[in-house]
Amino acid sequence: MAKIIKVFFWGLLISFLGSLPLGTLNVAVMQIGIQESVPKAIWFSLGSLMVEMVYVRLSLVGIGWVRKQVRLMRIMEWITLVIIVALAAGSFIAAAKGGGNTKNILLNNHLNRFLLGMFMCAINPVQIPFWFGWSTVLLTKNILQPVQSQYNMYIAGIGLGTLMGNCVFIFGGKWMVERIANSQQYLNWVIGGIFTLTAVIQLIKMLLHKDGLSKFYEGKQGEL
């Protein structure tokens, strides 16, 4: 039992800390929480973490298949970059229209936020090498063992950790907006800037082959 609990908390800790750096999903969930409602942001987060948990499971038992899908992973990575650019442009357009309550074009729709979270997470393949790397470390150090019960608790911890990390952005974003004067007026400008910076960094990494997927497949070639 102690071993399973330890695995659960390792998954939770890695996932929570991994959710804190600014990225597409946590910035989007913050924007939804501020401009729409906390429940919708929570549903978005639940949708994204459901897909993340599937990716983790895939990295544990189907990594051989994943490593053969180089073209698919690259296409997904470029689609993700396009969406980040679109989110940045949408935020700047919303800011230009005035008012912090003007929504980003890509978020200004009636799509169920749970499904939107699933979609935005599903097209982000960066999570696969991230979790493959951490899972390999835990397996190597014998913290995680290839046992069904441990895998299940590990994935459950990851889901809870992601939710906790997103809640930092959801409630932290609302707290800041409520306490900083005129913050709503500049919200879309700030978020647009974050998405732009994220897109530029991601593009540079992709072109220089320093992104997670490049390292992942380079590691594969090194093993052959």
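Residues numbered from 1 in each chain as written. Predicted model: local features only at pLDDT ≥ 70, side-chain atom pairs only at ≥ 80, totals over all residues. Heavy atoms only, no water.

**Student:** Explain the packing of helix α2 (residues 24-35) against helix α6 (residues 113-122) to me, using residue names and the numbers behind them.
**Tutor:** Relative orientation of the contacting elements α2 and α6 amounts to 160 degrees, with a least axis distance of 10 Å. Judged by the inter-axis angle, α2 sits roughly antiparallel to α6. Between α2 and α6 the crossing geometry is right-handed. Packed against α2, whose contacting residues are Thr24, Leu25, Ala28 and Ile32, the element α6 presents Arg113, Met120 and Cys121 at the interface. In the contact of α2 with α6, the residues fall into five nonpolar, one polar and one charged. (Axes fitted to C-alpha atoms, helices over the stretch in contact; angles between N-to-C directions. Helix = DSSP H or I, 4+ residues; strand = E, 2+ residues; numbered from the N terminus. Parallel < 35°, antiparallel > 145°, perpendicular 65-115°, else oblique. Left-handed = near helix turned anticlockwise from the far one by under 90°. Contact = heavy atoms within 4.5 Å. Nonpolar A, V, L, I, M, F, W, Y, C, P; charged D, E, K, R; others polar.)

**Student:** So what's going on with a nonpolar patch on the surface? Which residues, and what values?
**Tutor:** On the surface, a nonpolar cluster with roughly 560 Å² of combined accessible area is contributed by Trp78, Val200, Leu203, Ile204, Leu207 and Leu208. Top element by residues in the nonpolar patch is helix α9 (residues 183-207). It accounts for four residues. Along the chain, isoleucine 204 falls in helix α9. (Patch = residues over 30% accessible without salt bridge, like charges linked within 9 Å, V, L, I, M, F, W, Y side chains within 5 Å. Areas by Shrake-Rupley, 256 points an atom, 1.4 Å probe, with all protein chains shown as cover. Salt bridge = Lys/Arg side-chain N within 4 Å of Asp/Glu carboxyl O.)

**Student:** Tell me about the packing of aromatic side chains, and please be specific about residues and values.
**Tutor:** Taken as a whole, this structure holds five aromatic pairs when the rule is applied. Plain terms: the ring middles of phenylalanine 8 and phenylalanine 9 are 5.3 Å apart, the flat faces sit at 85 degrees to each other, and that makes the pair edge-to-face. The class of phenylalanine 8 is buried, set by a relative accessible area of 16%. Ring pairing ties together the aromatic residues Phe130, Trp131 and Tyr154, which thus form one cluster. (Phe/Tyr/Trp six-rings, centres within 6.5 Å; stacked < 30°, edge-to-face > 60°. Buried < 20%, exposed > 50% of the residue type's maximum accessible area, 1.4 Å probe, protein only.)

**Student:** With reference to specific residues and values, describe the nonpolar core.
**Tutor:** Nonpolar side chains in soluble globular proteins tend to end up buried together. In terms of nonpolar packing, the biggest core is built from 34 residues, with Val29, Phe44, Met120, Ile191 and Phe195 touching the most fellow members. Where this core is concerned, the elements lending two or more residues are α2, α3 (38-61), α5 (70-97), α6, α8 (148-179) and α9. Val56, Ile143, Leu144 and Ile155 belong to the second largest nonpolar core, which has twelve residues in total. (Core = buried A, V, L, I, M, F, W, Y, C linked by side-chain atoms within 4.5 Å.)

**Student:** If you had to explain empty space enclosed by the protein to someone new, which residues and values would you point to?
**Tutor:** Over the atoms, a rolling probe the size of a water molecule traces out where space has been left empty. Counted according to the given criterion, the structure contains one cavity of 30 Å³ or more. The volume enclosed by the largest cavity comes to roughly 50 Å³. In this structure, the largest cavity is lined by Thr24, Leu25, Thr80, Ile83, Ile84, Met120, Ile123 and Asn124. Only α2 and α5 provide two or more residues apiece to the lining of the largest cavity. By residue number, the principal contributor to the lining of the largest cavity is α5, which donates three residues. Of the residues contributing to the lining of the largest cavity, the split by class is five nonpolar, three polar and no charged. (1 Å grid on protein atoms, 1.4 Å probe; cavity = no way out; pocket = protein on both sides within 12 Å on 5 of 7 lines; lining within 4 Å. Points joined across faces, edges and corners; volume = space filled by probe spheres on them.)

**Student:** Which residues make up the environment of glutamine 127, and what values do they have?
**Tutor:** Locating glutamine 127 in the fold gives a position in helix α7 (residues 127-140). Note: C-alpha distance between glutamine 127 and valine 56 (71 residues apart in sequence) is 8.0 Å. For glutamine 127, the contacting residues outside a window of four places in its chain are Glu52, Tyr55 and Cys121.

Without other data, these values stay purely geometric and don't point to any function.
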